[in-house]
Amino acid sequence: MIEFFQVNKAYQLGKKSITALHTTDLQIPTGQIYGLIGHSGAGKSTLMRLINRLEEPSAGRIEVDGLDITQLDASGLRSFRRKVGMIFQHFNLLTSRSVADNVALPLRLAGELSKSEINKKVSDLLARVGLENHAKKYPAQLSGGEKQRVGIARALATDPSILLCDEATSALDPQTTGQVLELLAEINRDLGLTLVLITHEMDVVRRICDQVAVMDGGVIVEQGQVADVFLHP
Ligand code: ADP
Ligand code: ADP
């Protein structure tokens, strides 16, 4: 479970302070697909970046499975971050590295597995996302959907329990979007991962999310089961 207790986030821009997230309480149950929807500037990325401690709250407390992540020291933070994978709108792949190398990177950085263990794990991950025949290719040789599959495999490399998806399908055509959403739903089902998903597309929320928070001006203006939230006239 991801829990926000009275969390507030302000950014300092020179003398000006911008409150990106007003005092917020939030609970995201383990194993859910949780959507964050709202206009640009609503505070969605800020909320997401607080979950993997890319941002620190200005006030309040955030717990993940009972662990207060606002109090972690450097080594605690390193091991916590491995439990949180992230995928991006523009995939963020290294263009000069092969598909297999991109996926292996988090495992090399973690430094816990041998070379042959890493190779085995990378093959398993590529098979899971349907790219077993693309290991030696480079990102430029892949379609958008395939690039995002590499992003997903890389995000899963350290066996995270949370996957953060920041506009993960916004750069993809509708058909490819459907396929990537299906893969994400399958990963949620098979691995029991909690998915937190930023999107500006209602349709994405309707298709795979269990719960949704609608954000506006740094506030969660509505929150609940997808069917209930979208039943409003
Ligand atoms: P999105 O398209 O997801 O709404 P944004 O334009 O809000 O993206 O933000 C893109 C990146 O720029 C984010 O990493 C965010 O932290 C950063 N950013 C957004 N607004 C500002 C700002 N006013 N000053 C500095 N960085 C910003
Ligand atoms: P969203 O993801 O919904 O587009 P963000 O969380 O990116 O919203 O942004 C919320 C507000 O915080 C915006 O006003 C944005 O400009 C501001 N903001 C985001 N990141 C930064 C940053 N790194 N520095 C300063 N302001 C930021």
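Please refer to the structure higher up on the page.
Just so it is clear, the structure is predicted and the values come from calculations on it, not from any experiment. (Residues numbered from 1 in each chain as written. Chains lettered and ligands numbered in written order. Predicted model: local features only at pLDDT ≥ 70, side-chain atom pairs only at ≥ 80, totals over all residues. Heavy atoms only, no water.)

Some thoughts on the sheet that holds strand S4 (residues 59–64)
The following threshold applies: For two strands to pair, DSSP has to find at least two bridges joining them. Note on conventions: DSSP H or I runs of at least 4 residues are helices, E runs of at least 2 residues are strands, and numbering of each starts at the N terminus.
Spatial strand order, S2-S1-S4-S5: four strands in an open sheet with antiparallel pairing. Edge positions in the sheet fall to strand S2 (16–28) and strand S5 (67–68), since each has one partner strand and no second.

Focus on the nonpolar core
How we decide: Remark: nonpolar core denotes a set of buried residues (Ala, Val, Leu, Ile, Met, Phe, Trp, Tyr, Cys) joined through side-chain atoms within 4.5 Å. Each residue is placed in one exposure class: buried if its accessible area under a 1.4 Å probe, protein chains only, is under 20% of its type's maximum, exposed if it is over 50%, and partly exposed if it falls in between. The contact rule is simple, with two residues in contact once any of their heavy atoms fall within 4.5 Å.
Counting residues in hydrophobic clusters, the biggest one holds 42 residues, and the most contacted among them are Ile 87, Ile 152, Leu 163, Cys 165 and Leu 184. Considering every element that reaches this core, the biggest residue donor is helix H6 (residues 174–191), with six residues. Not counting chain neighbours up to four residues away, the residues in contact with Leu 163 comprise Gly 85, Met 86, Ile 87, Ala 155, Leu 184, Leu 193, Thr 194, Leu 195 and Val 196. Of all hydrophobic cores here, the second largest spans 27 residues; its members include Leu 26, Leu 77, Val 84 and Leu 164.

Here we look at the site of ligand 2
Selection rule: What makes a residue near a molecule or strand is one non-hydrogen atom of that residue sitting within 4 Å of it. Here a polar contact means two N or O atoms within 3.5 Å. Within protein one must be a hydrogen donor candidate and the other an acceptor candidate, and residues neighboring in sequence count only if both atoms are side-chain atoms. Surface accessibility in these figures is a Shrake-Rupley result with a 1.4 Å probe; residues are shielded only by whichever protein chains are displayed. By the convention adopted, Pro, Cys, Tyr, Trp, Phe, Met, Ile, Leu, Val and Ala count as nonpolar, Lys, Arg, Asp and Glu as charged, and the other residues, Gly among them, as polar.
Around ligand 2, a shell composed of Tyr 11, Leu 13, Ala 20, His 39, Ser 40, Gly 41, Ala 42, Gly 43, Lys 44, Ser 45, Thr 46 and Arg 49 is seen. Lys 44 places a side-chain nitrogen or oxygen 2.8 Å from an oxygen atom of ligand 2. A distance of 2.4 Å is found between an oxygen atom of ligand 2 and a side-chain nitrogen or oxygen belonging to Ser 45. Here ligand 2 has 560 Å² of accessible area as a free molecule, and 67% of this is covered by the chains. Ranked by residues supplied to the shell around ligand 2, first place goes to helix H1 (residues 44–51) with four residues. The residue inventory of the shell around ligand 2, partitioned by class, reads four nonpolar, six polar and two charged.

What about the packing of aromatic side chains?
What counts, and what does not: Each Phe, Tyr or Trp ring, with Trp reduced to its six-membered ring, pairs with another whose centre is within 6.5 Å; inter-plane angles below 30 degrees give stacked pairs, above 60 give edge-to-face pairs, and intermediate values give tilted ones. Cation placement over rings: the criterion is NZ of Lys or CZ of Arg within 6 Å of the ring centroid and within 35° of the ring normal.
The tally for this structure, following the rule as stated, stands at zero aromatic pairs. Between the NZ or CZ atom of Arg 61 and the centre of the ring of Phe 5, over which it lies, the distance is 4.2 Å.

Side note on the state of the cysteines
Applied cut-off: For this text, the term disulfide refers to a pair of cysteine sulfurs within 2.5 Å.
As enumerated under the stated definition, the model contains zero disulfides in all. The structure places no disulfide on Cys 165, whose sulfur is separated from the nearest cysteine sulfur, that of Cys 209, by 9.2 Å. Judged by its relative accessible area of 0%, Cys 165 falls in the buried class. The exposure class assigned to Cys 209 is buried, which follows from its relative accessible area of 9%.

Some words on helix H3 (residues 99–110)
Restricting attention to buried positions, one finds in H3 the residues Val 99, Asn 102, Val 103, Ala 104, Leu 107 and Ala 110. Just downstream of H3, Gly 111 is the residue with a positive phi angle, here 65 degrees.

Regarding H6
Applicable threshold: Each residue after the first adds 1.5 Å to the expected span of a helix.
Taking 1.5 Å per residue, 18 residues should reach 26 Å; H6 reaches 25 Å between its end C-alpha atoms and fits that length. Those residues of H6 not exposed but buried are Thr 176, Thr 177, Gly 178, Val 180, Leu 181, Leu 183, Leu 184, Ala 185, Ile 187 and Asn 188. Of the residues flanking the start of H6, the one acting as N-cap is Asp 173, its side-chain oxygen 3.1 Å from the backbone nitrogen of Gln 175. With its phi angle positive at about 70 degrees, Gly 192 sits one or two positions after the end of H6.

Quick look at the site of ligand 1
Around ligand 1 lies a shell formed by Leu 13, Ser 40, Ser 45 and Arg 49. Contact between ligand 1 and Ser 40: an oxygen atom at 3.1 Å from a side-chain N or O atom of the residue. Residue Arg 49 places a side-chain N or O atom 3.0 Å away from an oxygen atom belonging to ligand 1. Look at ligand 1: alone it shows 550 Å² of surface, and the protein chains cover 31% of it. Looking at the shell around ligand 1 residue by residue, the class counts come to one nonpolar, two polar and one charged.

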